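Chain by chain, the residues run as shown.
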Amino acid sequence: MSALIAPSILSADFANLERDLGAIATADYAHVDVMDNHFVPNLTLGLPIFERLAQVSPVPLDAHLMIADPDRWAPGYAEAGAASVTFHAEAATAPVRLARELRRLGSRAGLALRPATSVEPFLDLLPEFDMLLVMSVEPGFGGQSFIEGVLPKVRRIRDAVSEAGLDVWVQVDGGISRATIERAADAGANVFVAGSAVYGAENVPGEIAALRALADQHTH
Ligand SMILES: O=C(CO)[C@H](O)[C@H](O)COP(=O)(O)O
Ligand SMILES: [Fe+2]
């Protein structure tokens, strides 16, 4: 399975989002962090802006919803054309019902876990999802350092997916750079979000290629 790179536009220029989506045209996905100032102490963008991004993006959109009440709001992102919609396990009331609704609307369904959230209660739900997102920083802000302590959880999810014979992707999000991506890949991740590392690079396509090459050496 080759590594997928999803740069986060959290570190893009919010006055030039179309230009900055164009800058990551060689990536596999554009990761869009939606924050509502309730689930996390930060506010980014919502559905009206997301709908426009979906119309102009050269790469499919990977929505990461850090919002309260995703049961109510997440389907709108699938309807807007998101390739993937990921909501937080800590925020959802009926995660299975919501995942089924997202898939019915034509999107992949993802379940996100904060660094301190155990995956054990959710392992039985794996067949309902296309991806699990393991946060490797506290959600809310870009540019934080990678939390090594989440790697056993990445490994646990990868092992459970393999044992069940499923094709569920494992995404790591937060603090991914050339310095950390290999350890995340070794632990079993196959989708890598990187915001500050990609948009802070001198050569953005070069950074995407370098991250992909490093991860590919370690993905199984
Ligand atoms: O979900 C997020 C923060 O809540 C971001 O996707 C993540 O932090 C990416 O930024 P960076 O690579 O700079 O850590
Ligand atoms: Fe994110």
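Reference entry: report on the structure contained in this document. These numbers were taken from a predicted model, which means no experiment stands behind them. (Residues numbered from 1 in each chain as written. Chains lettered and ligands numbered in written order. Predicted model: local features only at pLDDT ≥ 70, side-chain atom pairs only at ≥ 80, totals over all residues. Heavy atoms only, no water.)

**Quick look at the coordination of the iron ion (ligand 2)**
The protein atoms that coordinate the iron ion (ligand 2) are H31 (NE2), D33 (OD), H64 (ND1) and D173 (OD), at distances of 2.0 to 2.3 Å. For the iron ion (ligand 2), the 6 donor atoms are set out with angles of 71 to 176° between them, so the coordination reads as octahedral. Donor residues for the iron ion (ligand 2) sit on one chain with the sequence pattern H-x1-D-x30-H-x108-D. Note that D33 is positioned in strand β2 (residues 30–35) and H64 in strand β3 (residues 61–66), a separation of 31 residues in sequence. The residues D33 and H64 share a single accessibility class, namely buried. (Donors = N, O, S within 2.8 Å, 3.2 Å for Na, K, Ca; no water. Tetrahedral: all angles 85-135°; square planar, octahedral: opposite > 155°, others 65-115°. Helix = DSSP H or I, 4+ residues; strand = E, 2+ residues; numbered from the N terminus. Buried < 20%, exposed > 50% of the residue type's maximum accessible area, 1.4 Å probe, protein only.)

**Quick look at helix α4 (residues 95–104)**
When α4 is considered as a whole, its buried residues turn out to be P95, L98, A99 and L102. Across the axial projection of α4, the buried residues extend over an arc of 100°, all falling on one side. In α4, those exposed residues whose orientation departs by more than 90 degrees from the buried face are R97 and R104. The inward-facing, buried residues of α4 abut α3 (70–79), β4 (84–88) and β5 (108–113). (Arc of directions from axis to C-beta. Contact = heavy atoms within 4.5 Å.)

**Looking at the environment of D130**
Within the secondary structure layout, D130 lies in the loop between β5 and β6 (131–135). Since its relative accessible area comes to 15%, D130 is described here as buried. Between the alpha carbons of D130 and P70 there is a distance of 17 Å; along the sequence they are 60 residues apart. Apart from residues lying up to four places away in sequence, D130 is in contact with R103, S107, R108, A109, D167, V168 and W169. Here A109 takes part through its backbone nitrogen, which lies 2.8 Å from a polar atom of the side chain of D130. (Polar contact = N/O pair within 3.5 Å; in protein donor to acceptor, adjacent residues only side chain to side chain.)

**Looking at the site of ligand 1**
Among the 19 residues in the neighbourhood of ligand 1, the closest are listed as G140, G143, D173, G195 and S196. Between an oxygen atom of ligand 1 and a side-chain N or O atom of D33, the distance comes to 2.8 Å. Contact distances for ligand 1 include 2.8 Å between an oxygen atom and a backbone N or O atom of G195. If ligand 1 stood free it would expose 360 Å²; the protein chains cover 100% of that surface. For ligand 1, the cavity whose grid points lie within 2 Å of the majority of its atoms is the largest cavity. Within the residue set of the shell around ligand 1, elements represented by two or more residues are β2, β3 and β8 (191–194). (Near = heavy atom within 4 Å. Areas by Shrake-Rupley, 256 points an atom, 1.4 Å probe, with all protein chains shown as cover. 1 Å grid on protein atoms, 1.4 Å probe; cavity = no way out; pocket = protein on both sides within 12 Å on 5 of 7 lines; lining within 4 Å. Sits in = over half its atoms within 2 Å of the grid points.)

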